[in-house]
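Observations on chain architecture
Residue strings, one per chain:
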Amino acid sequence: LKVLVAARTKGWVGVGFQPQTGNRDYVHPMKDSDIILGYSDEADGVILDCFAADVEAPQQDVQISDADGNRNGVDTIYQGTDESYRPWVRVTGDVSFMHFSRPLTSNDPYDTSIQASVKLQVMYAFHSGDTKALTGYTAYHGPTRGYRTALLDSSCKAGTSRKGSADGSASCDPCPIGYYCEGDSAPSTPCTTGEYQDEIAQPACKKCPAGLTTAVAASTSDCDCICDRGYMAIGDNDGCGAECKRCPSELFCEIGAVEPSVVKGFRAGNASADDWFEVWKCAHPQHCGQQLQELVFSDGSSVETGLLNMCANNRIGSACGACAPDFYTQAEKCESCGGASDFVPLFFGLLFGGSILIATYYVANSPVTAYTSSMLATSVSFGMLVTGMQSLSVMKQMSVNFPDAWANVLNILGLVALNLDPLRVECTLASNEVGRYAMQAGVPLLAGCGYCVLYLVSFPICSLRKKTAWKKTWTVNAGCQVLQALYITVCLVGLLPFQCYGHPNGKSSLSGFPNIVCFTEDHTPLLLLGIFATCIYGVGFFMVCLIANYVAPSRSFASESFTEYFRFLFYRFRVDRWYWGSVLMTRSFFLAMTPIVLPDLPNEQLVMYVTVLVIFFTLQCKFMPWKSRLLNYADMLVMGMLILVATAAGVYAEPSRKPGFTAFILGSFGITCMGVAAIFANGLKALLCKPRPGSTKTGLSSETLAARTLVASTTAVARHLATTPSADVIAVVSALGDYDLQTMQDFCNLIKHEMHVSMGPTSGSSPTRAGSRRLTTQKTKELGRSMSFHESKEGQVLRTGSMESQRSARWCSTGDQEPTDQEPTVVSPTGDVAVSQESTRMSPAGDVVEF
């Protein structure tokens with residue numbers, strides 16, 4: 001406790017302390033009081049520690065003996081070395097000043113223990129005279145005395161703290177540097193990281209500038225502030241206050257880092273002119289980085305980093321996009337070339353490709369049948385598998401970080417996508433990017449040249465074996481079949497020079513050749529080759545097929561060679577879906593376009609990919625174009641699998657924050673809702689506008705008119721069949737495809753089960769389903785004729801009661817029916833009867849188009 005007493009006197013000055021404990025009555029302030037007396041002498045004066053047992057002159061503590069006769073020599077006046085605690089008495093003019101300090105609790109039994117929770121009576125007195133010495137009893141003070149009751153405020157002010165315990169037994173000391181003190185009873189607290197304090201007795205620490213922190217707590221200087229995590233020093237770091245620049249997300253800067261490390265998947269090049277680093281994004285995370293290590297932080301997050309300016313083993317280039325000389329790419333790694341053994345994969349690749357060309361010639365030109373033969377089903381299923389693999393390989397071109405297992409699957413599928421890396425072409429034929437791309441783009445031309453060679457070679461070989469040489473039309477058809485089967489791949493290859501992805505440094509590279517910076521002189525040769533390949537393969541071949549489909553209904557009759565040249569377009573599909581080959585090519589082209597659009601936004605790419613598949617999946621379900629239902633279901637299964645995989649791949653794509661993406665999603669949802677709302681409104685209108693019972697409206701609904709037309713057409717066909725020899729009907733029906741035969745069977749089953757005969761079903765007939773509709777005589781009279789079905793042992797018989805002589809026609813049965821000479825008739829939707837001549841027209845594939 002520091003005490004400063006001032007009194008208008010040149011004599012002695014005193015101050016005393018007496019605690020008030022309990023609820024006792026008034027006690028004289030001098031009773032058992034601790035008194036300090038002082039007077040001015042030479043130098044710092046004299047200060048005495050005294051004690052008054054009663055209202056009497058106080059005595060010095062050292063002059064009092066305890067009960068055992070022991071003297072207490074403890075002097076409570078502080079005699080330390082701190083100048084601010086030094087005791088002194090000085091006279092300035094007519095005023096005496098006494099300054100001293102004492103502990104709140106001492107070992108002297110005659111010193112009052114001062115506690116924060118106990119009230120004190122603080123008394124004061126001074127002699128108005130000029131007493132210079134005190135021996136024994138002091139001169140009486142007279143009226144110049146008094147006292148006040150006070151409660152000790154033991155809290156420390158801001159900037160100071162107690163060194164000892166918090167019970168008030170220690171003094172408040174100023175905070176040292178590196179610490180701050182909030183005051184009260186709080187102890188001194190070291191400055192946390194990111195703060196420092198270079199002054200004593202401060203209530204708070206100073207913060208380091210933005211982007212800076214301290215390595216340890218209790219820092220004492222602004223020079224201890226270094227660049228924080230996520231920042232790096234720019235320029236000279238030796239002095240204080242170095243400038244720190246935020247590291248991009250692709251670099252990792254530790255606290256106080258002079259040089260950053262690189263996050264996996266990126267490569268940081270040499271420092272640029274502004275003392276910063278040029279960051280490149282690798283096409284695959286495994287291409288970049290050496291000595292990778294995973295750093296785990298206290299919040300549970302982690303990052304994998306590697307050394308600056310380093311590619312993965314044996315990789316070179318700004319984006320680590322190529323293998324070093326004498327190395328070739330194998331599953332995202334670079335393997336050493338093996339000399340002569342490098343030609344073995346190339347040899348077997350050419351041998352396998354030649355075998356595929358020969359097999360395709362015979363499969364694509366096998367006899368065409370209306371039904372789905374085993375050869376057709378096998379070849380079409382294999383083609384669907386190849387198309388599905390190509391569609392999956394499209395995802396490899398997207399900016400999605402697939403897990404290693406799935407990335408390996410996509411690498412295997414790259415064989416179908418004309419990825420020549422497994423053939424080690426970098427060791428044998430071309431090591432630079434232009435040469436490798438030229439080989440990729442030249443594969444279709446190589447296949448065409450292969451067919452030309454095989455066509456010419458077939459003449460001498462087949463003449464020796466006394467067999468027919470290859471036909472030119474069939475050879476062209478086989479070549480086009482190969483090109484159509486690989487249409488997704490050839491489109492991807494042609495569009496590859498247009499697929500640029502961005503780097504953090506603002507530049508962009510080709511996704512297939514990351515070391516080629518887009519729109520530079522190195523990019524120009526690839527761009528020209530890509531334009532040529534796209535115009536020839538992607539656009540040119542598609543336009544030829546589109547025109548062939550357009551003119552097929554007329555040209556297929558005028559020219560047999562036309563049918564043989566373009567047989568690959570028609571033979572897999574139903575007769576009335578002869579154009580579906582162009583639809584499949586359209587789907588393939590749009591799928592190949594998805595990696596080109598928005599190459600740095602994988603989520604958007606996947607959404608467009610799924611959108612294309614959903615649209616064509618819907619069309620597939622609507623038109624069912626393949627010859628058999630099994631093939632239709634297989635195609636739907638393949639597209640469903642692709643949709644599922646693309647949807648699941650969204651987990652590995654970075655979330656999109658582009659407003660356009662949100663607008664696209666909301667727009668798609670809005671269009672869907674409008675379509676559903678239109679269907680609902682149409683149904684509600686039909687429900688509300690339904691004529692009431694007894695209404696005088698005589699108009700027929702669209703459903704009734706459609707039923708009239710369908711019944712009239714069915715009747716016409718039935719009459720025609722009734723007058724056609726059974727052998728002819730069997731020949732025509734046998735020539736129909738599987739899907740058409742199944743459709744006829746479904747129609748027969750529908751008529752059999754849904755239209756109850758007026759005479760009731762006979763024994764052994766199939767029961768009518770519950771709720772089946774009856775076609776009554778009264779309703780059929782509205783159509784101008786009556787119809788009824790009944791079962792007989794010969795089969796179902798159709799009877800028409802509006803004609804003079806009723807003729808029976810065997811329908812949907814396998815028995816024989818004697819032909820009649822009745823001219824086939826056709827009933828128009830209006831009820832008119834017209835005589836029609838039997839005519840047939842053949843489809844481009846040889847099936848019956850119209851009968």
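Before going into details, it helps to say that this report is about the structure given with it. Keep in mind that this is a model prediction, so the values were computed, not measured.

Parameters at a glance
Residues numbered from 1 in each chain as written. Predicted model: local features only at pLDDT ≥ 70, side-chain atom pairs only at ≥ 80, totals over all residues. Heavy atoms only, no water. Helix = DSSP H or I, 4+ residues; strand = E, 2+ residues; numbered from the N terminus. Buried < 20%, exposed > 50% of the residue type's maximum accessible area, 1.4 Å probe, protein only. Contact = heavy atoms within 4.5 Å. Areas by Shrake-Rupley, 256 points an atom, 1.4 Å probe, with all protein chains shown as cover. Salt bridge = Lys/Arg side-chain N within 4 Å of Asp/Glu carboxyl O. Pairing = 2+ DSSP bridges. Axes fitted to C-alpha atoms, helices over the stretch in contact; angles between N-to-C directions. Core = buried A, V, L, I, M, F, W, Y, C linked by side-chain atoms within 4.5 Å. Polar contact = N/O pair within 3.5 Å; in protein donor to acceptor, adjacent residues only side chain to side chain. Disulfide = S-S within 2.5 Å.

**So, the overall build of the protein**
Regarding its fold elements, the protein presents 18 helices and 38 strands. The 851 residues of the protein split such that 40% are buried. For the protein, contacts bridging at least 24 residues in sequence account for 57% of all contacts bridging at least 6. Total accessible area computed for the protein in this model is approximately 46000 Å², and 59% of it derives from carbon and sulfur atoms.

**Points about the pattern of salt bridges**
Should the charged atoms of two oppositely charged side chains come close, the side chains can pair. Inspection of the entire model under this criterion finds 15 salt bridges. Among the salt bridges present, the one from aspartate 54 reaches lysine 31, with a minimum N-O distance of 3.9 Å. Residue aspartate 54 is found in the loop between strand 4 (46-52) and strand 5 (59-60), and its partner lysine 31 is found in the loop between strand 2 (13-20) and strand 3 (33-39); the two are separated by 23 residues along the sequence. A relative accessible area of 35% places aspartate 54 in the partly exposed class. One connected set of salt bridges, linked through shared partners, spans Asp198, Glu199 and Lys206.

**Things to note about the environment of methionine 389**
Within the secondary structure layout, methionine 389 lies in helix 2 (residues 374-396). Counting along the chain gives 23 residues from methionine 389 to isoleucine 412, while the straight-line C-alpha distance between them is 9.6 Å. Among all residues touching methionine 389, those that are not within four sequence positions of it are Leu413 and Val416.

**Some points on the sheet that holds strand 7 (residues 95-101)**
In spatial order, the strands read 1-7-6; together these three strands make up an open sheet with antiparallel pairing. Single-partner strands in this sheet number two, and they are strand 1 (2-7) and strand 6 (88-92). Neighbour-to-neighbour, the strand axes of this sheet turn through a mean angle of 15°, independent of strand direction. Pairing of strand 6 with strand 7, which is carried by five bridges, proceeds in the antiparallel orientation.

**So, the nonpolar core**
With 64 residues, the main nonpolar core has Tyr437, Phe541 and Tyr609 as its most contacted residues. Examining the composition of this core, we find that eight residues originate from one element, helix 8 (residues 523-558), more than from any other. Residues contacting tyrosine 437, with those up to four places away along its chain left out, are Val493, Gly494, Leu496, Pro497, Phe513, Leu526, Leu529, Gly530 and Ala533. Ile36, Ile47, Phe100 and Phe126 belong to the second-largest nonpolar core, a separate cluster that totals 16 residues.

**Focus on the sheet that holds strand 3**
Across a sheet, strands are paired by hydrogen bonds formed along the backbone, either parallel or antiparallel in direction. Ordered in space as 5-4-3-2-8-9, the six strands form an open sheet in which the pairing is antiparallel. Each edge of the open sheet carries a strand with a single partner, namely strand 5 and strand 9 (145-151).

**Some remarks on the side chain of glutamine 390**
Following the sequence through the fold, glutamine 390 ends up in helix 2. Owing to a relative accessible area of 0%, glutamine 390 belongs among the buried residues under this scheme. Of the polar contacts made by the side chain of glutamine 390, one reaches the side chain of threonine 489; its length is 2.7 Å. Apart from the residues lying within four places of it in its own chain, the contact partners of glutamine 390 are Val416, Ala485, Leu486, Tyr487, Ile488 and Thr489.

**Section: the state of the cysteines**
Under the criterion given, the structure shown has 10 disulfides. Disulfide pairing places cysteine 175 opposite cysteine 181 at an S-S distance of 1.2 Å. Since a negative S-S torsion denotes a left-handed disulfide, the cysteine 175-cysteine 181 link at about 90° is right-handed. Taking relative accessible area as the criterion, cysteine 175 reaches 0% and is therefore assigned buried. Residue cysteine 181 is classed as buried on the basis of its relative accessible area, which comes to 0%.

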